[in-house]
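Summary of structural features
Here are the chains, one letter per residue:
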Protein chains: 2
Amino acid sequence: MPWPKSTKTVRIRKGNLYAADCPTRDVLDDVTSRWGSLVLVLLLESSYRFSELAYLIGGVSEKMLAQALRVLEADGFVLRTVHATKPPKVEYSLTPFGREVAEPMKVLTEFVQKNVGKVMAHRERSKARVA
Amino acid sequence: MPWPKSTKTVRIRKGNLYAADCPTRDVLDDVTSRWGSLVLVLLLESSYRFSELAYLIGGVSEKMLAQALRVLEADGFVLRTVHATKPPKVEYSLTPFGREVAEPMKVLTEFVQKNVGKVMAHRERSKARVA
DNA sequence: CGGCATCCGCATAGATACTG
DNA sequence: CAGTATCTATGCGGATGCCG
């Protein structure tokens, strides 16, 4: 490599979030996943049944929703409660732990929601610059 | 469908975050993407060059990093500054707007980082229950 | 150095059908 | 209702090579 290296001394992160093999990455992926994030924010305001979530979250397939829920449950964020009624009824809610993760996620989604216009405008300007 | 519908009246979200065709989803995906999220949190503390980011973020390929940076730039979160030196030097930093999104994301990553152990423990117990 | 273009395989999203 | 099972194919993401 005939090219000079970076001149800046790079501080290595104390935490291992940036290490490729750290499980932190996996957990973060679960939380920030396309459907997982929406589930967390929704459950922050109320518990919901499977079909209610499927209805509320536009464009999600049953498979993907079930998958996201199972992962979040395994991680300890979501509680799955089966009511042995006929027909079966399954309630999903947040654990206290899940509530803690969901909170900043909600802040994030609300910020994005509030500023979509700004982002879209910026995207247009970027596109124009290329064309 | 011989099955009874949901008995709970479901409030339709005011925002359209949950609509399948809403651009809010796209933006959220950019921000919460595997590499995008890490980039945002890193740039919160300092600006970095491309190669520095590539070094700091373990496991990222140049392609994916460049891709993440380009979308974040197009969205108006990241500023790309080219120094016409020899060899070329490109600095990436957050815009004030980007700083606003990155903040809650940092809260999220720090929470996850702090509680990885708890999650991993819960995962083990879940696995045990299945086996 | 900081990219972009290209190729390519495996993962995984998603549609559909079926079940307790 | 609340999921699983099965199948397909799209596309993410990695590897490589070239260029300003």
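Note that this is a predicted model, so its numbers are computed, not measured. (Residues numbered from 1 in each chain as written. Chains lettered and ligands numbered in written order. Predicted model: local features only at pLDDT ≥ 70, side-chain atom pairs only at ≥ 80, totals over all residues. Heavy atoms only, no water.)

Using the criterion set out here, one finds eight salt bridges over all chains in the structure. When the shortest N-O distance is used, the salt bridge between B:Asp29 and A:Arg34 registers 2.3 Å. Of the two residues, B:Asp29 sits in helix 1 (residues 23–32) while A:Arg34 sits in helix 2 (residues 34–43), which places them in two different chains. Exposure remark for A:Arg34: the relative accessible area of 43% places this residue in the partly exposed category. Across the pair B:Glu110 and B:Lys106 runs a salt bridge, and its minimum N-O distance is 3.4 Å. (Salt bridge = Lys/Arg side-chain N within 4 Å of Asp/Glu carboxyl O. Helix = DSSP H or I, 4+ residues; strand = E, 2+ residues; numbered from the N terminus. Buried < 20%, exposed > 50% of the residue type's maximum accessible area, 1.4 Å probe, protein only.)

The subject of this paragraph is the protein's contact with DNA strand C. Every one of the 20 residues lining DNA strand C counts as a neighbour, but A:Lys63, B:Arg49, B:Ser51, B:Arg80 and B:Tyr92 are closest to it. Sugar and phosphate atoms constitute 62% of the interface atoms of DNA strand C, taking the interface as everything within 4 Å of the protein. Measuring from a base oxygen of DNA strand C, one finds a side-chain N or O atom of A:Lys63 at 2.3 Å. For DNA strand C, a phosphate oxygen lies 2.8 Å from a polar atom in the side chain of B:Arg49. Breaking the surface near DNA strand C down by element, the ones donating at least two residues are helix 4 (62–74) of chain A together with helix 3 (50–56), helix 4 (62–74) and strand 3 (89–94) of chain B. (Near = heavy atom within 4 Å. Polar contact = N/O pair within 3.5 Å; in protein donor to acceptor, adjacent residues only side chain to side chain.)

Once that is clear, we can look at the protein's contact with DNA strand D. Taken together, 19 residues sit near DNA strand D, with A:Ser51, A:Glu62, A:Arg80, A:Tyr92 and B:Lys63 positioned nearest. Those atoms of DNA strand D that come within 4 Å of the protein belong to sugar or phosphate at a rate of 55%. Separating a phosphate oxygen of DNA strand D from a side-chain N or O atom of A:Arg49 is a distance of 2.7 Å. B:Lys63 places a side-chain nitrogen or oxygen 2.3 Å from a base oxygen of DNA strand D. For the surface near DNA strand D, the secondary-structure elements that each account for two or more residues are helix 3 (50–56), helix 4 and strand 3 (89–94) of chain A together with helix 4 of chain B.

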